[in-house]
Amino acid sequence: MKERNSRIYSKKTVLCLSIILIVLIAVIIWIWRQYGYRDSRYETTGFAMGSFIQQTLYGEGAEDTAGEAASSITELENKISWRVEDSDIASINDNAGSEWVEIDPSTTELLALCLQVAEDSGGAYDPTILPISRLWNFDSEDPQVPSPNDLETYLPYIDYTNLRIDKTQNLASLRNHYMAVDLGSAGKGAACDAAVAVYKESDISCGIIAVGGSVGTYGQKPDGSLWEIAVRNPYSEEDGETAMGTLSLKGGFLSTSGSYEKTFSQEGKTYHHLLDPKTGMPVENGLVSVTIVSDSGALSDILSTACFVLGEEKGMELLEQYDAEGIFIRDDRTVRVTSGLKDSFQIVMEEFTYAE
């Protein structure tokens, strides 16, 4: 009898120990998911393309990878910024109306994407906007409304069909003198692409980068949760709240274009930097912000500008062509979201409501 009881107690002991072990393992897994990557998390802030760059990386070699990503962005800027002397874009602009210019294959690829969206948007997006945007001079300390005569003079030079590229030989040219290319509406998204490409070649497990209004993600977060990305409140100065909503994404890229980003007032009227290539004037169509989610950073950036200029309805149609999603915020604080983001986007301020 004692031997039998001993066996019974032994089985109970084993069972209890097994349960305790399972619980301990579960607790360890939870702690690891919550805190296991804390020591390998690396955050850094830099500056390029006229914007702050924020990187948060997890995993081995995160600091070195962040440095390599920052270098790749600087390298990209030195190719595509019209402000950088001897960049591909500066060379194209300097030789407008005369010679074809040899450019880097990555610049050719980006120009080709710009021209495709320009064509599909009917010119609502136009990478040759620089002659007009320079008149406004939004990036200076003294922006000003161009005179009607100046607009009339330079509007004929805004025409993407006169920007030519040769993909096989990596050549580009502008057909007419006084034309000029500005890839500012594509650069920050392209910078996210460049950084994520570095992440993929590294040993990090995941990461997220923000360059101005563009964001790129790589991999799955250590705790298995989705990437939580704030959507800017266009009226943050008035409301005192920075985010009006949040996007929960498994991965991908997003870019935002808003009429609040660069503004100035003259004679009682406020002007913003998102210009209609057909009129040379800031777009006024009831929108204050457009956020685009795509599998390409450059594409999300370009589409955010194109959709803002096109307006809500035509912008929605353009997104369907590119299998992209969007959030359109109107000036009455109503919000329209494409079907693919309805389960991912959430308004967090009661001042905003979903459009009916």
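Residues numbered from 1 in each chain as written. Predicted model: local features only at pLDDT ≥ 70, side-chain atom pairs only at ≥ 80, totals over all residues. Heavy atoms only, no water.

A. A look at the side chain of Glu312. Note on placement: Glu312 falls in helix α10 (residues 312–321). Beyond its immediate stretch of four places on either side in the chain, Glu312 contacts Leu287, Phe328, Arg330 and Arg336. (Helix = DSSP H or I, 4+ residues; strand = E, 2+ residues; numbered from the N terminus. Contact = heavy atoms within 4.5 Å.)

B. Representation of the packing of helix α2 (residues 62–80) against helix α7 (residues 184–200) in the model. Contact geometry for α2 and α7: axes closest at 9 Å, N-to-C directions at 140 degrees. Classified by the angle their axes make, α2 and α7 are oblique. Note that α2 runs across α7; the crossing there is right-handed. On α7, the residues that touch Thr65, Glu68, Ala69, Ser72, Ile73, Leu76 and Ile80 of α2 are Gly187, Ala190, Ala191, Ala194, Ala195, Val198 and Tyr199. (Axes fitted to C-alpha atoms, helices over the stretch in contact; angles between N-to-C directions. Parallel < 35°, antiparallel > 145°, perpendicular 65-115°, else oblique. Left-handed = near helix turned anticlockwise from the far one by under 90°.)

C. The environment of Thr153, seen in detail. The topology assignment puts Thr153 in helix α6 (residues 148–154). Exposure remark for Thr153: the relative accessible area of 45% places this residue in the partly exposed category. Residues Thr153 and Ile132 lie 21 residues apart in sequence; the distance between their C-alpha atoms is 9.6 Å. (Buried < 20%, exposed > 50% of the residue type's maximum accessible area, 1.4 Å probe, protein only.)

D. Summary view of the packing of aromatic side chains. Counted by the stated rule, this structure contains eleven aromatic pairs. The interplanar angle of 50 degrees and the centroid separation of 5.6 Å between the aromatic rings of Trp136 and Tyr271 together place this pair among those described as tilted. Here Trp136, found in helix α5 (residues 130–136), pairs with Tyr271, found in strand β12 (residues 269–272); they are 135 residues apart in sequence, far enough to count as distant. For Trp136, a relative accessible area of 0% translates into the label buried. Of the residues examined, Tyr271 reaches a relative accessible area of 12% and is grouped as buried. Of note, Arg134 hangs over the ring of Trp82, and the distance from its end group to the ring centre comes to 5.7 Å. (Phe/Tyr/Trp six-rings, centres within 6.5 Å; stacked < 30°, edge-to-face > 60°. Lys NZ or Arg CZ within 6 Å of the ring centre and 35° of its normal.)

E. View of the sheet that holds strand β17 (residues 353–354). What the nine strands build is an open sheet, ordered β1-β2-β6-β7-β10-β13-β14-β15-β17; its pairing is mixed. Looking at which strands have only one partner, the edges of the open sheet turn out to be β1 (41–48) and β17. Note: strand β7 (residues 214–218) against strand β10 (residues 253–258), three bridges, orientation antiparallel. Following the sheet pairing, Val215 is matched in β10 by Leu254. The strands that α7 touches are β2 (51–59), β6 (204–211), β7 and β10; relative to β7, the one it contacts most, it runs at about 15 degrees. In the packing of α10 onto the sheet, the strands contacted are β13 (287–294), β14 (325–330) and β15 (334–337), and the crossing angle to β14 comes to about 170 degrees. (Pairing = 2+ DSSP bridges.)

F. Structural context of the sheet that holds strand β8 (residues 227–232). Within the open sheet, the three strands sit side by side as β8-β9-β16. Their pairing is antiparallel. Each having just a single partner strand, β8 and β16 (345–347) make up the two edges of the open sheet. If you compare each strand with its neighbour and ignore which way they point, the axes differ by 25 degrees on average.

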